[in-house]
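Coordinate analysis (summary)
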Amino acid sequence: MTHPFLDLPPLSAERFAAIEDRVARLLDTRQDVLVTQGEALLPLEGAIRAAAGPGTVALNVVTGPYGQTFGNWLRDSGATVHDLAVPFHTAVTAGQIRDAFAEHPEIDFVSLVHAEAATGNTNPVAEIGEVVRERGALFYLDAVASVGAEPVLPDAWGVDLCVIGAQKALGGPAGVSAISVSERAWARMAANPGAPRRSYLSLLDWKERWLDAGRKALPHAPAQLEMLALEACLERVEAAGLETVTARHRGAALATRAGAVALGGGLEPYVHEVADAAPVATTLRVPSGVVAAELVARALADDPALPLAAGGGALAREMVRVNHYGPDATPEVVRACLEALGRALEERGLAVDPAAARDAAAAAWH
């Protein structure tokens, strides 16, 4: 059989490097950028295991489930870890980071998630970066959910290791990711005897065999379809303009939040303050007596394509997540999600006002 995805010519090193350069432009960074051949957990774990080890003293900020994962990796690498956990309905502050340094001045590594799509919060990375830079610590950032939905600026913010993925706000594939790496981070990895080598997790292997070799020959066969999809995704963002793409996500978040409040039925924003709410996804707390997973199931019964999901784990009982990212960051999708949630709440005997929700969402978008 023939198919447009079959029998493609091999992806050249030149084209692979050009895609990396486009990622660098997206992040407005002069740091080295590697496009890694796997979902973003690959560079997220690889960077921690390369840059942290015995002797590392890490401040690990926990504002959602990924922060918890990073703490586990850091401890497994032999680092001493101080967790700074804040309620999932809020964000960490630069003041809290400063206080943590005051209590543990030996901290030399800070790990942070920019936006937690799972809980709907976002953290003030620019302000936090100033504190981390003052203390000279290495700054590791998970920007997988935030890139494309809000600014991500590793150089301006002093981020040494910044990981992104394309599957959310950029509207691209999940099977490929990228990381920007500062010179300080490369030096930390090179000095770490426990950094992965001869391993799929090894960033140092990629550096030596790809970056240091002038990006002339790929170390192994790339994930061709994912790379082509990433290239197409970046082209689409460039054509629209990154500011336009982030504005769509900001509008979707504000519209969803305002519409949910006006809808009634007991729905409330899970993240209390607008400033702490992530543009990539909006989380909502369901009323007492309603199970979020059941409400979502009913809302999806009429239109399974709506970007609605219940919270993960224990949050499946109390949280609804509206994943208005990528192609779903539109007024039409937001309106359809609110209408579906309204019908599901109404079936449970709760009073809702769909017209007020539509009006509030439309007003908030503008």
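On a predicted model such as this, the values are computed, not experimentally measured, just so you know.

All right, on to the overall build of the chain then. For the chain, the count of helices and strands is 13 helices and 13 strands. The principal-axis extent of the C-alpha atoms belonging to the chain is close to 65 × 60 × 30 Å. Counting over 366 residues, the chain shows a buried share of 55%. Taking the intrachain contacts of the chain between residues at least 6 apart in sequence as the baseline, contacts between residues at least 24 apart amount to 70%. Carbon and sulfur atoms make up 53% of the accessible area of the chain, which amounts to about 15,200 Å² in all. Mean positive and mean negative side-chain charge positions of the chain (30 and 45 charges, respectively) differ by 2 Å.

This part takes up the packing of aromatic side chains. All told, the structure shown has six aromatic pairs when counted by the stated rule. Judged by centre distance (5.4 Å) and plane angle (80 degrees), the ring pair of F16 and W210 falls under edge-to-face. Here F16 is found in helix 1 (residues 13-26), whereas its partner W210 is found in helix 8 (residues 203-211), with 194 residues between them in sequence. Look at F16 and you get buried, because its relative accessible area is 0%.

Restricting attention to buried positions, one finds in helix 5 (residues 125-135) the residues V125, I128, G129, V131 and V132. Taken around the axis of helix 5, the buried residues stretch over an arc of 165 degrees, which confines them to a single face. G136 sits one or two residues past helix 5 and shows a positive phi near 75 degrees.

For the rest of this paragraph, the subject is the sheet that holds strand 1 (residues 32-36). Taken in spatial order, the seven strands make up an open sheet running 1-9-8-7-4-2-3, and their pairing is mixed. Of all the strands in the sheet, the pair left with one neighbour each is strand 1 and strand 3 (80-85). Across the sheet, the axes of successive neighbouring strands diverge by a mean angle of 15 degrees, strand direction being ignored. Relative to strand 9 (residues 177-181), strand 8 (residues 161-165) runs antiparallel, the two being bridged by five bridges. Residue pairing for strand 9: V163 is matched across the bridge by I179. Lying on the sheet, helix 2 (residues 41-51) is in contact with strand 1, strand 4 (109-113), strand 7 (138-142), strand 8 and strand 9; it crosses strand 7 at an angle near 165 degrees. Lying on the sheet, helix 4 (residues 94-103) is in contact with strand 2 (57-62), strand 3 and strand 4; it crosses strand 2 at an angle near 150 degrees.

Counting residues in hydrophobic clusters, the biggest one holds 80 residues, and the most contacted among them are I97, Y140, L161, I164 and M189. Take this core: its biggest share by element is seven residues, from helix 1. Among all residues touching M189, those that are not within four sequence positions of it are A50, A51, L161, V181, A195, L203 and L204. Among the nonpolar cores identified, the runner-up in size contains 29 residues, and A292, V296, A340 and A344 belong to it.

Attention shifts here to the sheet that holds strand 10 (residues 268-269). Across the sheet, which stays open at both edges, the four strands sit in the order 10-11-13-12 with antiparallel pairing between neighbours. Both edges of this open sheet fall to strand 10 and strand 12 (308-310), since each of them pairs with a single strand only. With four bridges connecting them, strand 11 (residues 282-285) and strand 13 (residues 319-322) associate as antiparallel partners. Of the residues in strand 13, the one forming a bridge with L284 is V320. Set on the sheet, helix 11 (residues 292-302) makes contact with strand 12 and strand 13; between it and strand 12 the angle comes to about 155 degrees. This element, helix 12 (residues 331-347), spans strand 11, strand 12 and strand 13 of the sheet and lies at about 50 degrees to strand 12.

Another aspect to go through is the pairing of strand 13. Neither face of strand 13 is left uncovered, since the one carrying M319 and R321 and the one carrying V320 and V322 both have all their residues buried. Note: strand 12 against strand 13, three bridges, orientation antiparallel. Bridging across to strand 13, A310 finds its partner in V320.

Next up on the list: the pairing of strand 8. With five of five residues buried, strand 8 is to be regarded as a mostly interior element. The two faces of strand 8 match: L161, V163 and G165 on one face and C162 and I164 on the other face are all buried. Strand direction decides the pairing type here: strand 7 and strand 8, joined by three bridges, are parallel. Paired with D142 across the strands is V163, a residue of strand 8.

A few words on the pattern of salt bridges. Evaluation of the coordinates by the stated rule reveals 18 salt bridges. A salt bridge links R197 to E208; its shortest N-O distance comes to 2.7 Å. Separated by eleven residues along the polypeptide, R197 in the loop between helix 7 (183-190) and helix 8 and E208 in helix 8 bring together distant segments of the chain. The exposure class of E208 is partly exposed, given its relative accessible area of 44%. Across the pair D302 and R298 runs a salt bridge whose closest N-O atoms are separated by 3.9 Å. A residue pair is termed a helical-turn pair when its members lie 3 or 4 positions apart in one helix, as D302 and R298 do in helix 11 at four residues.

Conventions we followed
- Residues numbered from 1 in each chain as written.
- Predicted model: local features only at pLDDT ≥ 70, side-chain atom pairs only at ≥ 80, totals over all residues.
- Heavy atoms only, no water.
- Helix = DSSP H or I, 4+ residues; strand = E, 2+ residues; numbered from the N terminus.
- Buried < 20%, exposed > 50% of the residue type's maximum accessible area, 1.4 Å probe, protein only.
- Contact = heavy atoms within 4.5 Å.
- Areas by Shrake-Rupley, 256 points an atom, 1.4 Å probe, with all protein chains shown as cover.
- Lys, Arg positive; Asp, Glu negative; His and termini not counted.
- Charge placed at Lys NZ, Arg CZ, Asp CG, Glu CD.
- Phe/Tyr/Trp six-rings, centres within 6.5 Å; stacked < 30°, edge-to-face > 60°.
- Arc of directions from axis to C-beta.
- Pairing = 2+ DSSP bridges.
- Axes fitted to C-alpha atoms, helices over the stretch in contact; angles between N-to-C directions.
- Core = buried A, V, L, I, M, F, W, Y, C linked by side-chain atoms within 4.5 Å.
- Salt bridge = Lys/Arg side-chain N within 4 Å of Asp/Glu carboxyl O.

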